[in-house]
Amino acid sequence: MKKRPQATFNKINRIVTADIIALLVAMIISKYVHAIYHIPAAITLIQAFGIEVLLLAWPASRIRFDHDRHKVRDTHNRQVIFEVTLFGLAGAVVAYLNFLLFFARHHLSPVYIDLGYEQYHVAVSLAILTLVLCQTLHLVFVRADAEKELTMKQVFANRQLNQAWALSAFILLNIIYNPIFQFVFNTKPLSLLDWFWALLAAGIYSGLRTVQRYSREHAHHAVVQLHHEVHGHK
């Protein structure tokens, strides 16, 4: 029984760490692309800090209220650590690609673009929205790692987590549409079409996670079956 809180803490730690790594990598990628191709960053250090503190860290901390928190995979397992970190990074990559795709959809070049240009700020809003959606899905999949199936009932079973998600959604909408938050985060309002592209990108990320989840389960069952066959003949 005493191992459950520690296992849950390990899971929270891995998720928050993956979020931070994803944000840092997003900034590093943006800086690298800016240095080579002169495309401005999608997310700055201040924005990344605000996203983690206001939108991601609190929901991650609420998984300690999961009723089935004893069903946590071994978070010290190297494969688990690799998966959590890898797909945290994948969310950052998807967000940055959606940032670049925004300019392509509007027939604009992000190279040497004026940072005061309104469309650049809209692209930043889109990058933030896409990143938060992907990292939220990342949290959902990490919570369900030890479950046989991922169901809506399981996703929304934690009332405290649901409340944290609702608060994060409220803050996210303010970041995108409230002029005060826009000034801090350098954002501009998104259109319905922009929301569609953010949801599409999140859907692609979810698809990748689903494929990874079931391919891993298939590999696990194959190893278990082989183990039984080998030892069954002895």
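Residues numbered from 1 in each chain as written. Predicted model: local features only at pLDDT ≥ 70, side-chain atom pairs only at ≥ 80, totals over all residues. Heavy atoms only, no water.

A look at the overall build of the protein chain
Check the secondary structure of the protein chain and you find 8 helices and 0 strands. Listing the helices and strands of the protein chain from first to last along the sequence gives α-α-α-α-α-α-α-α. Taken over 234 residues, the protein chain has a buried fraction of 43%. Counting contacts in the protein chain only where the partners sit at least 6 residues apart, residues at least 24 apart contribute 77% of the total. For the protein chain, the exposed area adds up to about 13,100 Å²; of that, 69% sits on carbon and sulfur atoms. (Helix = DSSP H or I, 4+ residues; strand = E, 2+ residues; numbered from the N terminus. Buried < 20%, exposed > 50% of the residue type's maximum accessible area, 1.4 Å probe, protein only. Contact = heavy atoms within 4.5 Å. Areas by Shrake-Rupley, 256 points an atom, 1.4 Å probe, with all protein chains shown as cover.)

What about helix H6 (residues 159–177)?
The terminal C-alpha atoms of H6, which comprises 19 residues, lie 27 Å apart, in line with the 27 Å expected from a rise of 1.5 Å per residue. Residues Leu 161, Ala 164, Trp 165, Ser 168, Ile 171, Leu 172, Asn 174, Ile 175 and Ile 176 constitute the buried set of H6. Two to three positions downstream of the cap, the backbone nitrogen of Gln 160 sits 3.1 Å from a side-chain oxygen, assigning the N-cap of H6 to Asn 158. (Expected span 1.5 Å × (residues − 1). Polar contact = N/O pair within 3.5 Å; in protein donor to acceptor, adjacent residues only side chain to side chain.)

Observations concerning the nonpolar core
Counting 35 residues, the largest nonpolar core has Ile 51, Leu 55, Phe 99, Phe 103 and Leu 172 as the members making the most contacts within it. Elements supplying a minimum of two residues to this core: helix H1 (3–37), helix H2 (45–61), helix H3 (78–105), helix H4 (118–143) and H6. By residue number, the principal contributor to this core is H4, which donates 10 residues. For Phe 103, the contacting residues outside a window of four places in its chain are Leu 108, Pro 110, Ile 113, Tyr 120 and Ala 123. Core analysis: the next-biggest nonpolar cluster, separate from the first, contains 10 residues, Val 140, Val 155, Leu 161 and Trp 165 among them. (Core = buried A, V, L, I, M, F, W, Y, C linked by side-chain atoms within 4.5 Å.)

Description of H4
The terminal C-alpha atoms of H4 lie 38 Å apart, and with 26 residues this matches the ideal 38 Å at 1.5 Å per residue to within 8%. A large share of H4 lies buried, amounting to 21 of its 26 residues.

Overview of the packing of H2 against H4
Interhelical geometry of H2 versus H4 gives an angle of 30° and a closest axis separation of 11 Å. Judged on the interaxial angle alone, H4 and H2 are roughly parallel. Crossing geometry of H2 relative to H4 is assigned as right-handed. Judged by residue contacts, Gln 47, Ile 51, Leu 55, Leu 56, Pro 59 and Ala 60 of H2 engage Val 124, Ile 128, Val 132, Gln 135 and Leu 139 from H4. Looking at side-chain class alone, the contact of H2 with H4 contains 9 nonpolar, 2 polar and no charged residues. (Axes fitted to C-alpha atoms, helices over the stretch in contact; angles between N-to-C directions. Parallel < 35°, antiparallel > 145°, perpendicular 65-115°, else oblique. Left-handed = near helix turned anticlockwise from the far one by under 90°. Nonpolar A, V, L, I, M, F, W, Y, C, P; charged D, E, K, R; others polar.)

Remarks on the packing of H2 against H6
Close contact between H2 and H6 brings their axes to 9 Å; oriented N to C, the two are set at 175°. Between H2 and H6, the angle is such that the two are roughly antiparallel. Counting all contacts with H2, which are made through Leu 54, Leu 55, Trp 58 and Pro 59, the residues of H6 involved are Leu 161, Ala 164, Trp 165, Ser 168, Ile 171, Leu 172 and Ile 175.

Observations regarding the confidence of the model for the protein chain
The predicted model of the protein chain has a mean per-residue pLDDT of 80, with 76% of residues at 70 or higher. Of all the helices and strands in the protein chain, H1 carries the lowest mean pLDDT, 70, while H6 carries the highest, 95. Between residues 218–228, whose pLDDT stays under 50, and residues either more than four places distant or in other chains, the model counts 0 contacts. (pLDDT = per-residue confidence, 0-100.)

As for a nonpolar patch on the surface
Residues Leu 193, Phe 196, Leu 200, Ile 204 and Leu 208 make up a contiguous nonpolar surface patch of roughly 470 Å² in combined accessible area. As for its placement among the helices and strands, Ile 204 is situated in helix H8 (residues 192–232). (Patch = residues over 30% accessible without salt bridge, like charges linked within 9 Å, V, L, I, M, F, W, Y side chains within 5 Å. Salt bridge = Lys/Arg side-chain N within 4 Å of Asp/Glu carboxyl O.)

Some thoughts on the environment of Ala 169
Mapped onto the secondary structure, Ala 169 falls in helix H6. For the pair Ala 169 and Val 132, spaced 37 residues apart in sequence, the C-alpha separation works out to 9.4 Å.

What to know about unusual backbone geometry
Even without being glycine, His 107 reaches a positive phi, approximately 55°. With respect to the helices and strands, His 107 occurs in the loop between H3 and H4. Looking at His 107, the relative accessible area reads 76%, which means it is exposed. A positive phi is found at Tyr 112, a non-glycine position, where the angle reads about 60°. You can see Tyr 112 is positioned in the loop between H3 and H4. Judged by relative accessible area, which is 61%, Tyr 112 ranks as exposed.

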